[in-house]
Amino acid sequence: MDKFYYGVARIRALEARLVTPPQLERMAVADDFETAFNILSETPYAETLPKLKHPFDFEELFELEKKALVKLMNKLAPGNEIIQALVEDNYSALKNASSPLIRQMANNKIGLEKVRTSLRKGEKPMPGMEFDFLDLSLPIHLIEKEIDNFIVEKFRKAKYVNSGVEPLVGFYMAKQAEIKTLRFMFICKQNYVKNEQIKERLRVSY
């Protein structure tokens, strides 16, 4: 069984550098897009900002970050089938993983994505009993927030695993969720969405 002791140690250091809830809140209540974006200079994203071809291009920023994330995963766990399935969004391949935590995550992801797809089609989903926490009377954006929060919360146990691939998977998911949250926020800022509406849609942090 792969232990990934170095990888886990590296991930622990990187987890401490994720964007914090107070920083997200400051971006959410910032007066305008530029002010919100400039808060990134106080985070590890500052290392990537100089690489942008155009200032304030958050789409390019997040593409660079995603590529760096995949490169990191392949460096820490080269050739690992679980990591490969993860970066390919192939959660079906993870349903039979040796890790119970990863199997549960894959099943949650697959089941809840079906719910999300039905909602976006305007159909009433029929979630299983394991997803009875969902309040389908809420607006779709708040249901999607509940879905994302549930998946992150259920995998949070990986933060307390000292070896194995689980902490790497947890960080990958956390970083992807962070990028998704930031991208959403900047789109809202560009479109002058009210601060309170932005705040109510923010996902939980890993």
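Residues numbered from 1 in each chain as written. Predicted model: local features only at pLDDT ≥ 70, side-chain atom pairs only at ≥ 80, totals over all residues. Heavy atoms only, no water.

Re the packing of helix α1 (residues 5-15) against helix α4 (residues 58-76)
Direction vectors running N to C along α1 and α4 enclose 150°, while the axes themselves pass 9 Å from each other. When the axes of α1 and α4 are compared, the pair comes out roughly antiparallel. Of the residues in α4, those in contact with Tyr6, Gly7, Arg10, Ile11 and Leu14 of α1 are Leu72, Met73 and Leu76. (Axes fitted to C-alpha atoms, helices over the stretch in contact; angles between N-to-C directions. Helix = DSSP H or I, 4+ residues; strand = E, 2+ residues; numbered from the N terminus. Parallel < 35°, antiparallel > 145°, perpendicular 65-115°, else oblique. Contact = heavy atoms within 4.5 Å.)

Considering α1
If you check which residues of α1 are buried, you get Gly7, Val8, Ile11, Leu14 and Glu15. Buried residues of α1, viewed axially, fall in a sector of 120°; they line one side. Projecting away from the buried face of α1 at angles above 90 degrees are the exposed residues Tyr5 and Tyr6. Residues of α1 that are buried sit in contact with α4 and α8 (166-190). (Buried < 20%, exposed > 50% of the residue type's maximum accessible area, 1.4 Å probe, protein only. Arc of directions from axis to C-beta.)

Digging into helix α6 (residues 100-120)
Taking 1.5 Å per residue, 21 residues should reach 30 Å; α6 reaches 30 Å between its end C-alpha atoms and fits that length. For α6, the complete set of buried residues consists of Leu101, Ile102, Met105, Ala106, Asn108, Gly111, Leu112, Val115, Arg116, Ser118 and Leu119. Buried residues in α6 make contact with α5 (81-87), α7 (140-155) and α8. (Expected span 1.5 Å × (residues − 1).)

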